[in-house]
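# Architecture and fold: a report
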Amino acid sequence: MKPQNSGQTLRFLHRGQAVTLANVAPERTLLDLLREDLHLSATKEGCGEGDCGACTVVLGEEVNGQLRYKAINSCIRLAHSVDGMALWTAADLAAPTGDLHPAQEALVRCHGSQCGFCTPGFVMSLFGMYQNTRGGQGITRESAQADLSGNLCRCTGYRPILDAAQAMADLPLPPACAVDEAATVAQLKALKKQAAAHRGDSYLRPGTLAGLLHARATHPKAQVVAGCTDVGLWVTKQHRRFGQVLDVTGARELQRVESYPHHIAIGAAVTLSDAFAALVAERPQLLSFSRRFAGLPVRNSGTLGGNVANGSPIGDSMPLLIALGASVVLMRWKKNRAGGGEIAHREVRLEDLYTGYRTSIMRPDEILAWIKVPRPTPDETLKVYKISKRFDDDISAVCLAVRLAIDHGRVGAASIGAGGVAATPARARRTEAVLRGQPWNEDTVMAAMDTLRSEFQPISDMRASAHYRQTVLGNLLRRFWLESQGAHGINLEHLQDMEALA
């Protein structure tokens, strides 16, 4: 049923034409808008939580005069968040003559099509890959598996679908299926100007940091969103309604990753995909972990700032950031003595941000604006482990990040972040104290394992029992020790690497 809430006008590009929809409620999801308002039923509704990928669509956004494509989950994406963007669905790829796009043709030839429910989502993820690789060039088995991690299949299995991903480059692109990128960029620039001139007040998406902070101060009861990957679940699963939404992703200053001599600063509007790319560039050993943080469509929508501000005890980024010594910058709009306003800010260490389950020290008028991550040191040893029921696209039962500095066989600095074992993401301070200054040997590790297991009192839930979580915590620290001694064949990542090389 279409919500009755008042809304505002939404504009986006579809099939080369500007679509204008009036009175779209602020909590309306993109999937509901496509299926119910525009009757585009090729996009399917599956899990309603960004897990299965049946609802995948591709967004195109103009960035510095270029078109950037992103596969996203439409089921948990708020419709207004695509204002000023281009949109492709599974019904938009084939030519009017019936010629198939290479993403579709490859699935047919490789026998990768399924019952019809999962296939549209796979097609759209393949389309996103095709556009971002200049026609499917250079797609490997590994890259295809990473890009398709957000699409779950129960019918044909994954082999023919991965075959299709690699086959796209060898298939001709019918002229009618090609995207005219120059024309699309020009249309998007015009659309942005129109959208800026017709802003409503039920879905606020300021274009500057000052405008964002002023809006936060003026509308303290507005629901703050970024990529909507969690707030979208409140809509689809809890049927929440919002009188007003404040979207942080429009602020230009917060869309950047900035480099400084001793740290990088990741803006709150930077997607998880881009944020992890910046972290991996500094620490390549994080690549596997970054790909296991949900599926690609979720990472293409969600932001690192949103994940941190959300404060979920099973949010995977926080244990890593705690171990890295990260801090957050909180900002607000403050009235000054002259009667005007100015930006006030404060910086806190990430582990000191949370006060309880999904609660923090943030004021009602504050925005989490930046995440500051120290750069690696030459003596740093870092590993992060995620334990979940599925290897890809799943929520952690336990996440442990360990960063040590070993100097002449003795532990110097020690920093450990843990998730899934307390009401908040937490720092294992007692375990760190046991390790510091001690020789890096098995006796030290065994003592630290006992401390780590006793430092937290996890609960039992559908993902794991409390006993399992405590046991795994210690086992992961022992795995860290064994890997530091040269034992690399003891984790799934190693087995997957060997399988890819076979």
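If you're wondering where the values come from, they're calculated on a predicted model, not measured in any experiment. (Residues numbered from 1 in each chain as written. Predicted model: local features only at pLDDT ≥ 70, side-chain atom pairs only at ≥ 80, totals over all residues. Heavy atoms only, no water.)

For the protein chain, the count of helices and strands is 17 helices and 19 strands. Relative to the compact-globule value of 23 Å for 502 residues, the protein chain shows a C-alpha radius of gyration of 23 Å, a close match. By principal-axis analysis of the C-alpha atoms, the protein chain measures approximately 70 × 70 × 40 Å. Counting only residues that meet the buried cut, the protein chain has 53% of its 502 residues in that class. Across the protein chain, every contact between residues at least 6 apart in sequence was considered, and the portion connecting residues at least 24 apart equals 65%. A total accessible area of about 21,700 Å² is found for the protein chain, and carbon and sulfur atoms account for 52% of it. The distance from the centre of the 55 positive side-chain charges to the centre of the 49 negative ones in the protein chain is 5 Å. (Helix = DSSP H or I, 4+ residues; strand = E, 2+ residues; numbered from the N terminus. Rg over C-alpha atoms; globule rule 2.2 N^0.38 Å. Buried < 20%, exposed > 50% of the residue type's maximum accessible area, 1.4 Å probe, protein only. Contact = heavy atoms within 4.5 Å. Areas by Shrake-Rupley, 256 points an atom, 1.4 Å probe, with all protein chains shown as cover. Lys, Arg positive; Asp, Glu negative; His and termini not counted. Charge placed at Lys NZ, Arg CZ, Asp CG, Glu CD.)

Right, let's get into the nonpolar core. One finds Val308, Val328, Leu350, Leu353, Ile371 and Val373 to be the most contacted residues of the largest nonpolar core, which totals 36 residues. Of all the secondary structure elements, the ones that give two or more residues to this core are strand E10 (263-267), helix H9 (272-282), helix H12 (304-310), helix H13 (317-323), strand E11 (327-335), strand E15 (367-374), strand E16 (380-387) and strand E17 (398-407). Take this core: its biggest share by element is 6 residues, from H9. (Core = buried A, V, L, I, M, F, W, Y, C linked by side-chain atoms within 4.5 Å.)

According to the stated counting rule, one finds 7 aromatic pairs in the structure shown. Between the aromatic rings of Tyr69 and Trp88, the centroid separation amounts to 5.5 Å while the plane-to-plane angle is 45°, which identifies the pairing as tilted. With Tyr69 in strand E4 (residues 66-73) and Trp88 in strand E5 (residues 86-88), this residue pair connects regions lying 19 residues apart in the sequence. In this structure, Tyr69 and Trp88 share a single accessibility class: buried. Between Trp440 and Phe480 the ring centres are 5.9 Å apart and the planes differ by 70°, which places this aromatic pair in the edge-to-face class. (Phe/Tyr/Trp six-rings, centres within 6.5 Å; stacked < 30°, edge-to-face > 60°.)

The geometry of helix H15 (residues 442-455) relative to helix H16 (residues 466-484) is characterised by a closest axis approach of 8 Å and an angle of 155° between their N-to-C directions. Considering the angle they form, H15 stands roughly antiparallel to H16. Helix-helix and strand crossings are classified by hand; for H15 and H16 the assignment is right-handed. In this structure, H15 uses Glu442, Val445, Met446, Ala448, Met449, Leu452 and Arg453 to contact H16, whose residues at the interface are Gln470, Thr471, Leu473, Gly474, Asn475, Leu477, Arg478 and Trp481. For the contact of H15 with H16, a count of residues per class yields 8 nonpolar, 4 polar and 3 charged. (Axes fitted to C-alpha atoms, helices over the stretch in contact; angles between N-to-C directions. Parallel < 35°, antiparallel > 145°, perpendicular 65-115°, else oblique. Left-handed = near helix turned anticlockwise from the far one by under 90°. Nonpolar A, V, L, I, M, F, W, Y, C, P; charged D, E, K, R; others polar.)

Using the criterion set out here, one finds 33 salt bridges in the structure. Residue Lys237 is joined to Glu49 by a salt bridge in which the shortest nitrogen-to-oxygen separation is 3.8 Å. Taken as a pair, Lys237 in the loop between helix H8 (231-236) and strand E8 (245-247) and Glu49 in the loop between helix H1 (30-37) and strand E3 (56-63) lie far apart in primary sequence, 188 residues in all. Using a relative accessible area of 43% as the deciding quantity, one classes Lys237 as partly exposed. (Salt bridge = Lys/Arg side-chain N within 4 Å of Asp/Glu carboxyl O.)

In a regular helix each residue adds 1.5 Å, so 14 residues correspond to 20 Å; H15 covers 20 Å between its end C-alpha atoms and thus fits that length. Thr444, Val445, Ala448, Met449, Thr451, Leu452 and Glu455 are the residues of H15 that are buried. On the buried face of H15, the contacting elements are E17, strand E19 (426-427), helix H14 (429-435) and H16. (Expected span 1.5 Å × (residues − 1).)

You can see Phe242 is positioned in the loop between H8 and E8. The spatial distance from the C-alpha of Phe242 to the C-alpha of Lys221 is 9.6 Å, given a sequence separation of 21 residues.

Strand order in this open sheet of 5 strands is E9-E10-E15-E11-E12, and the pairing throughout is antiparallel. Both edges of this open sheet fall to strand E9 (257-259) and strand E12 (341-349), since each of them pairs with a single strand only. Sheet twist, expressed as the average angle between the axes of neighbouring strands with direction ignored, equals 25°. Direction of pairing for E10 relative to E15: antiparallel, over a ladder of 5 bridges. Looking at E15, one finds that Ala265 is bridged to Lys372. Lying over the sheet, helix H7 (residues 209-218) contacts E11, E12 and E15, oriented at roughly 70° with respect to E11. Across the sheet, H9 touches E9, E10 and E15, and the angle it forms with E10 is around 170°. (Pairing = 2+ DSSP bridges.)

Following both chains from N to C, one finds helix H2 (residues 102-109) and helix H3 (residues 119-132) inclined at 125°, their axes separated by 8 Å at the closest point. Taken together, the axes of H2 and H3 lie oblique to each other. As for the relative orientation of H2 and H3, their crossing is right-handed in sense. Together, Pro102, Ala103, Gln104 and Leu107 of H2 and Thr119, Val123, Leu126, Phe127 and Tyr130 of H3 make up the contact between the two elements.

An order of E16-E17-E18-E19 is seen for the 4 strands of this open sheet, with the pairing classed as antiparallel. Two strands close off the open sheet at either side, each with one partner strand: E16 and E19. Of the strands in this sheet, E16 and E17 are in contact with H16, which crosses E16 at around 145°.

Right, let's talk about the side chain of Ser327 for a bit. Relative to the helices and strands, Ser327 is located in strand E11. When sequence neighbours within four positions are dropped, the list of residues in contact with Ser327 reads Glu347, Val348, Arg349, Leu350, Trp370, Ile371 and Lys372.

On average, residues of the protein chain score 93 in pLDDT, and 95% of them are at 70 or above. Of the regions scoring below 50 in pLDDT, residues 1-5 engages in 14 contacts with residues more than four places distant in sequence or in other chains. (pLDDT = per-residue confidence, 0-100.)

The next subject is the pairing of E12. In this sheet, E12 lies alongside E11 in antiparallel orientation, the contact comprising 9 bridges. Bridged to Lys334 within E12 is Glu342.

Time to look at the environment of Ala210. Checked against the element boundaries, Ala210 lands in helix H7. Taking the relative accessible area as the measure of exposure, Ala210 reaches 32% and is therefore partly exposed. Along the chain, Ala210 and Met331 lie 121 residues apart, while their C-alpha atoms are 9.8 Å from each other. With residues up to four places along the chain from it excluded, the contact list for Ala210 reads Trp333 and Ile343.

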